[in-house]
Amino acid sequence: MATASVANHDVHAHDHHDHEHHDNFITKYIFTQDHKMIGKQFLVTGIFWAIIGGFLSILFRLQLGFPEMNLEWLRPLLGGWITETGALDPTFYLALVTMHGTIMVFFVLTAGLSGTFSNFLIPLQIGARDMASGFMNMLSYWFFFLSSVIMFISLFIKTGPAGGGWVVYPPLSALEQAIPGSGLGMTLWLIAMTFFIASSLLGGINYITTVINLRTKGMSFSRLPLTIWAFFLTAVIGLLSFPVLFAAALLLVFDRSFGTSFYLSDIYIGGEALPNTGGSPVLYQHLFWFLGHPEVYIVLLPALGITSEVIATNSRKPIFGYKAMIISMLGITILSFIVWAHHMFVSGMNPFLGSIFMFLTLIIAVPSAVKVFNYLTTLWRGNLIFTPAMLFSIGLVSFFISGGLTGIFLGNSAIDIQLHDTYFVVAHFHLVMGSASFFGLLAGVYHWFPKMFGRMMDARLGYVHFWLTFVGVYMVFFPMHYIGIAGFPRRYYSWTNFEFTNMYTDLNMFVSVAAIITFAAQFIFLFNFFYSMYRGRKATLNPWRSTTLEWTTPINPGHGNWPGEIPTVYRWPYDYSKPGAVEDFIPQTVPYSQTPESNLPHEQELVKLEEEIMKEESEVLVANENKH
Amino acid sequence: MYGFLIGVGVLLLLSIIWMVYRIQTLVSVVKGSDKKVASGSNKINAILFVLFLVGTGILMFWYSIKEFDNYQLPVASEHGVITDQLFWVTMAVTGVVFLITHILLFVFPYKYQYKENRKASFYPDNNKLEVIWTAVPGVVLAGLVLTGWMAWSDITAPAPENAHVVEIMGYQFAWDVRYPGKDNVLGDYDYRLITASNSHGVDFTDKNAIDDFPSPKVVIPKGEPVLFKIRARDVLHSVFAPHMRLKMDAVPGMPTRFWFVPTKTTEEMRAELNNPEFEYEIACTEICGRGHFSMKKVIEVVEPEAYQKWLAEQKSFIQQNPSLAENLPAEMKELADIQLSESKK
């Protein structure tokens, strides 16, 4: 059985190799089926969206920080959304908030992060020629592209894009009378999200299949790098939860266009009573958050996986508690499905349900805490090299702690009564899921750029970028805790109507200035990224002296990744600074039989087994040669 | 002209940054520092982590102490005292964890920064440690959850029988308030009955509705339980009374509720804050459209005697607008007429 699959694989790879010479521009860069190029396509599209999403946030931060400012100079861009008095239109403000959320959560941190690194790294790190289905993988990107185009168009229509918050709760999102964005803008939002879900599912099925079936010889699940574990579990979460979002969206489409009453009931709006009865807006919230909460882990787990890899490599130490890390990720995966209603403590659902979800929610803090302690212990007594990727990974751990701890307040339903939908929540999720995942994305780009483009990014620009962004993010989101404790509600266009919020204009101004500086700092990254792509220093084979498989490929791997045989894996991916070893890292492809000086007692026993396997393998190779 | 000058300035700045960048790249190539495992920047980054820790730590403590009275809203309800206490206990627990983990996270980079002649310790796992740091957070969180759960159960328990009922209805973009009148029972309503003169859609064929009255603000007695019956007419809204530590969504088609006991009258709070203008406010915390940020209602907390006096002064819907009773069945019309004649006395 095993011999047969090895043989098949080789023939297949051979075919690929012949094809490669005929690649033209379109099959190489556009309708490509090479996982590495698809990963890069996701990355560049993600970067594009990150700029848009970031820019939208700057627009509404201008309104919040400088409510008196004359925004006439934005008229060439925003047209009628600037009122005659030179202020931002309140409806458009809500549209900005909505689109910022949608873009960042789905298009940047789901597609841009998972799409990029799952595609790029899974085959490279497990030792596969490509994804299980290159064609589906290509479809996955192009569905995402189509979704992006539709969402982008919705930004420019006359009634404005969707404006009901990124959660698009009905009835607001179902009724055009309630807000103009719930007209065509919302229709486009729903269509775009449908394609997005299709893209995620196509990608997810591929990631799962590839990890299960196409691991190279010796790459057992207990030898997978934590990145792959993270991508694998992320795909599982996505596969189980995105269809539920689709169901929620579908019912919303019915309510909007076909007169059903899934979410609508007893509504009097625009001077008339609507015929809908019997529906429940809370039903939508349940369905939405059944995806919405796992979604948090869909964006966070890949970032944590990347961080594990980067921290271990640059600490020159094995990741502490490899098994504990996997178990805690499994725990998070399972628990992520049974905590969703903590977003709904004061939605009017039965308070008893609130109690249950409070218990479940606070349980999920335990595996998260374990991960943090493991990261800290990995750093302890390491030999730390501060590459930009390492800096961003440490930054991620900091955000994960800061944002995670505030989750303990919000997961407690009694405390959540006051904090729900205030800036405390905004601070919480921007740190723990927004910024942390974003830092994971950046860490990944800095770390695997040499593998992607065969060149190095400039480290010093990376340092400047890191420190500006790291300090900037804290300056933006830390003050929001104070504003939140003071009770400032989210999605408010202005604070002057209420006495209890008629303060902190200085702090809001500070936050806005910090946001602008942080946003500007991202252009350092953009320059570094695109400049290094063409003019960066040439990369060496294994610039970070890492143990994982992707660094055994040529500097610019072709389609099929390894020119000859796929290497066999003999050990786990974290043999850094092993006592007795010559170098401070031993790649996964080095057999134990070659490192008698550093083998641990139980590994010494594996040597014998290893030699048997190698013998068997060479017989297969000989047999293959004879066939040709 | 200004635009042109700014353009030139930006161009100049960019080219200077470009030159500096090129020069430092070339210098590092000449020095060969790009070939080293860790260049001099390693030390700088390590130091910056410590500076960041100290700098932001000082900033955080300074601001948190200086601003305490500003962001800590005074509390004016019985359960609010408990939830505030839970908040600060959680703050203390998480604060300790926050400080310890961050000190470790930023001191380790300094202490264990790369040295060529040192080798990192090979320390792949320790099951005892894993068990400890799974169990300890587990126990601490269990404690927090249990206290939170007890508070939550009390807060969300059914309101006492004698609670004063107030109905708050959200719509784009304001709140309407209805009182049940002397019987303390709100009359039925139906959204299809809503008209310009009957914004609540009150069903006046229900005899409980006869004495219901509207109010421009929420008036409630101090020290007595108050039950907010909350509903929405068009889209989701959320009643948020920050000083009462009260929040509950208003859902079209699904009435919700929240009961509490106010502990300070508006006058007392004015004296406490030394602010004669102070009012308790209700704001909306569920995005509901263009005017989301302006849905304000004032709550006035008064002494129980003043409350009874105020109640007696209020005029019911029918007294304010007799035409509402016009199409009622004979039996109900009689009740309505009695009311109308009472108000004329």
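The written sequence of each chain sets the order in which its residues are numbered from 1. All chains are assigned letters beginning with A, and all ligands numbers beginning with 1, in the order in which they are written. Only residues with pLDDT of 70 or above have their local features reported here, since the model is predicted, and side-chain atom pairs are shown and tallied only from 80 upward, although totals for entire chains, interfaces and linings are computed over all residues.

## Notes on the overall build of chain B
Item 1. In DSSP terms, a helix is any run of H or I states spanning at least four residues, a strand is any run of E spanning at least two, and both are numbered starting from the N terminus. Each helix and strand counted, chain B has nine helices and 10 strands in total.
Item 2. Radius of gyration (C-alpha) of chain B: 32 Å, far over the 20 Å computed for a compact globule of 345 residues.
Item 3. Judged by the C-alpha coordinates and their principal axes, chain B covers about 100 × 70 × 40 Å.
Item 4. For chain B, buried positions account for 36% of its 345 residues.
Item 5. A separation of at least 24 residues holds for 69% of the contacts in chain B among residues at least 6 apart in sequence. For a compact globule the rule gives 2.2 Å times the number of residues to the power 0.38, and the radius of gyration it is set against comes from C-alpha atoms. Exposure classification rests on a simple neighbour count of other C-beta atoms within 10 Å of a residue's own: a residue reaching 20 or more is buried, one at 12 or fewer is exposed, and one in between is partly exposed. C-beta atoms are placed from the backbone. Residues are treated as contacting if the C-beta atoms built from their backbones sit within 7 Å of each other.

## Thoughts on the UniProt feature "coiled-coil region" (unreviewed entry) in chain A
Item 1. Within this structure's numbering, the places UniProt gives as "coiled-coil region" (unreviewed entry) are residues 599-626 of chain A.
Item 2. In the segment residues 599-626 of chain A, helix accounts for 93% and strand for 0%; the C-alpha atoms at its two ends are 36 Å apart. UniProt positions are given in the numbering used here, feature names are shortened, and annotations may be inferred rather than shown by experiment.

## Brief notes about the nonpolar core
Item 1. In plain words, the nonpolar core is the set of buried Ala, Val, Leu, Ile, Met, Phe, Trp, Tyr and Cys residues that C-beta atoms within 7 Å link up. Residues A:Phe232 and A:Ala436 are the most contacted members of the largest nonpolar core, which totals 261 residues.
Item 2. Per-element accounting of this core gives the leading share, 22 residues, to helix H5 (residues 90-126) of chain A.
Item 3. Leave out the neighbours within four places in its chain, and A:Ala436 touches A:Leu300, A:Ala303, A:Leu396, A:Phe399, A:Phe400, A:Gly403 and A:Leu431.
Item 4. Membership of the second largest hydrophobic core comes to nine residues, among which are B:Ala209, B:Phe317, B:Ile318 and B:Ala336.

## Some details on the packing of helix H8 (residues 226-257) of chain A against helix H9 (residues 281-315) of chain A
Think of two packed helices as two axes; the pair is described by the angle between the axes and how far apart they sit.
Residue and element names in this part refer to chain A.
Item 1. Helix axes are fitted to C-alpha atoms over the stretch in contact, other axes to C-alpha atoms as well, and angles between N-to-C directions run from 0 to 180 degrees. The N-to-C vectors of H8 and H9 enclose an angle of 160°; their axes lie 8 Å apart at closest approach. Classified by the interaxial angle, the pair formed by H8 and H9 is roughly antiparallel. Read as a crossing pair, H8 and H9 show a hand that is left-handed.
Item 2. Residues that form the contact of H8 with H9 fall into these classes: 24 nonpolar, six polar and two charged. Throughout this description, any angle smaller than 35 degrees is read as roughly parallel, any larger than 145 degrees as roughly antiparallel, any in the 65 to 115 degree range as roughly perpendicular, and the remainder as oblique. Less than a right angle of anticlockwise turn of the near helix away from the far helix marks a crossing as left-handed, whereas a clockwise turn marks it as right-handed. Polar here means any residue outside two lists: the nonpolar Ala, Val, Leu, Ile, Met, Phe, Trp, Tyr, Cys and Pro, and the charged Asp, Glu, Lys and Arg; Gly therefore counts as polar.

## A few points about the interface of chain A and chain B
Item 1. Facing 98 residues of chain A, the contacting portion of chain B comprises 90 residues.
Item 2. Sorting the residues of the side of chain A that touches chain B by element identifies H5, strand S1 (268-269), H9, helix H10 (322-335), helix H11 (351-379), helix H12 (388-410), helix H13 (413-419) and helix H15 (459-485) of chain A as the ones contributing at least two each.
Item 3. Of the residues belonging to the side of chain A that touches chain B, the class tally is 61 nonpolar, 24 polar and 13 charged.

## Topic: the UniProt feature "domain: Cytochrome oxidase subunit I profile" (unreviewed entry) in chain A
Item 1. Here the UniProt feature "domain: Cytochrome oxidase subunit I profile" (unreviewed entry) sits at residues 25-594 of chain A.
Item 2. The annotated region residues 25-594 of chain A carries 63% helix and 1% strand content, and the separation between its end C-alpha atoms amounts to 44 Å.

## Concerning the sheet that holds strand S10 (residues 297-302) of chain B
Residue and element names in this part refer to chain B.
Item 1. Strand order in this open sheet of five strands is S4-S10-S9-S6-S7, and the pairing throughout is mixed. Only two strands of the sheet have a single neighbouring strand rather than two, namely strand S4 (218-221) and strand S7 (246-250). On average, each strand axis in the sheet is inclined to that of its neighbour by 25°, with strand direction left out of account.
Item 2. We treat two strands as partners when DSSP finds at least two bridges between them. Bridge count between strand S9 (residues 280-284) and S10: three bridges; the pairing is antiparallel. Note on S10: the bridge partner recorded for Tyr-280 is Ile-299.
Item 3. On top of the sheet, helix H7 (residues 304-313) reaches S4 and S10; it is set at about 135° to S4, its chief contact.

## Quick notes on the sheet that holds strand S2 (residues 174-179) of chain B
Pairing between the strands of a sheet is mediated by backbone hydrogen bonds and can be parallel or antiparallel.
Residues and elements named next belong to chain B.
Item 1. Ordered by their spatial adjacency, five strands build an open sheet running S3-S2-S1-S5-S8, and the pairing between neighbours is mixed. At either end of the open sheet lies a strand with only one pairing partner, and these are strand S3 (213-215) and strand S8 (256-260). On average, adjacent strands in this sheet sit at an angle of 30° to one another, irrespective of strand direction.
Item 2. In this structure, strand S1 (residues 164-171) lies alongside S2, joined through five bridges in antiparallel fashion. When the sheet's bridge partners are listed, Glu-167 is paired in S2 with Arg-178.

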